[in-house]
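Fold and geometry: a report
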Amino acid sequence: MTLDANRPVAVVTGASAGIGKATALKLVARGWQVIGTGRDPRRIAVAEAETAAAARDGGNCTVLRADFSLMAEVVRTADEIKKRTSRLDVLINNAGGVRDRQIVTGEGTEATFAANHLAPFLLTRELMPRLRASAAALPTGSVRVIAVSSSAHRQAAGLDWSDLQSLGPVHCVAAYCRAKLATLLFTRELARRAGPFGIVAQAMHPGVVASNFAAHGNAAMRAHMAAADAVPPDEPAKTLVWLATAPEGGRGCGRYFHRQAEETPSDAARDDAAATRLWEESETLLEKLGF
């Protein structure tokens, strides 16, 4: 399916369940064209059926199957997106998650770091030509890259440059906190680099969400999520759609939001030198992996 270049297009990763699916549902109900990603074929089929039923005014959604812990899958997905659309108004990097232990992928990366940071970094890079072309053709502030981070970033004092991926003896939750700090640093540097081309980069914290987020987490994480006062995926989806479509989401760059209100992230997340270094280290790592 090739999308209509006269209608807005959003890419939403992790759109087969949880926050991503709720966001896709809201966008298609506004008449947007959505390309989502997901891992599980059954959940993908359900998501496509639900978004088709919710679509209004020409909105539609297709969900591509991909495992974003593997960079080869990210590149393949980016190529498929570029085949389907010449226009890209909004990229929502939502896919991620926490693991119950350290997992090294077949590419040699640590899975939590790969899915939460390296995959959105690479996907954004691969889709940058579409984002820049759309920014040149659309009103200022219309093209946006939105990252789903977490308040867990506050638990990380900084990144360990000697073990950026947490391949050493690092607790799985600590690895997740570092990865979500990386999300905010990436957003900060993306705002600096892409802002001059009319691309606005923002980040948000979804809160504790009643979803399958902790399905692959350890027992302590699952117990914490089960006991927490969680909100339905629909609530953070409202903030994501607001950031994607409302004027406020197109103002400024590198901001951090929760429940449609701006918040100040940790000092470590506002370190410009660390943001630049993370970008450079990520490029170096991808080059070593062959991407």
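Above this text sits the structure in question.
My aim in this report is to walk through the structure given alongside it, one point at a time.

Cut-off values and rules
Residues numbered from 1 in each chain as written. Predicted model: local features only at pLDDT ≥ 70, side-chain atom pairs only at ≥ 80, totals over all residues. Heavy atoms only, no water. Phe/Tyr/Trp six-rings, centres within 6.5 Å; stacked < 30°, edge-to-face > 60°. Helix = DSSP H or I, 4+ residues; strand = E, 2+ residues; numbered from the N terminus. Buried < 20%, exposed > 50% of the residue type's maximum accessible area, 1.4 Å probe, protein only. Lys NZ or Arg CZ within 6 Å of the ring centre and 35° of its normal. Polar contact = N/O pair within 3.5 Å; in protein donor to acceptor, adjacent residues only side chain to side chain. Contact = heavy atoms within 4.5 Å. Expected span 1.5 Å × (residues − 1).

1. Quick word on the packing of aromatic side chains
Counted by the stated rule, this structure contains four aromatic pairs. Ring centres of Phe186 and Trp279 lie 5.7 Å apart, and the angle between their planes is 35°; on these two criteria the pair is classed as tilted. Of this pair, Phe186 sits in helix 5 (residues 172–194) while Trp279 sits in helix 8 (residues 272–289), and the two are 93 residues apart along the sequence. Owing to a relative accessible area of 13%, Trp279 belongs among the buried residues under this scheme. Measuring from centroid to centroid gives 5.6 Å for Trp242 and Phe257, while their planes differ by 80°, and the two rings are edge-to-face. Remark: Phe257 occurs in strand 7 (residues 255–258) and Trp242 occurs in helix 7 (residues 234–245); sequence separation between them is 15 residues. Neither Trp242 nor Phe257 differs from the other in exposure class; each is buried. Members of the aromatic cluster, each reached through a chain of ring pairs, are Phe121, Phe186 and Trp279. Looking at Arg132, its charged tip hangs above the ring of Phe197, at a distance of 3.6 Å from the centre.

2. Section: the side chain of His153
Looking at the element boundaries, His153 is found in the loop between strand 5 (143–148) and helix 5. Judged by its relative accessible area of 0%, His153 falls in the buried class. A polar contact of 2.8 Å, which involves the side chain of His153, links it to the backbone oxygen of Ser150. Discounting chain neighbours no more than four positions away, the residues touching His153 are Cys177, Lys180, Leu181, Leu184, Tyr256, Pro265, Ser266 and Ala269.

3. With respect to unusual backbone geometry
One non-glycine residue, Ser166, adopts positive backbone phi at about 60°. Mapped onto the elements, Ser166 comes out in the loop between strand 5 and helix 5.

4. Topic: helix 3 (residues 71–84)
Here helix 3 is 14 residues long and its end C-alpha atoms lie 20 Å apart, about the 20 Å a rise of 1.5 Å per residue gives. Summarising the contacts, the buried residues of helix 3 are in contact with strand 1 (9–12), strand 2 (33–38), strand 3 (60–65), helix 4 (111–137) and helix 8.

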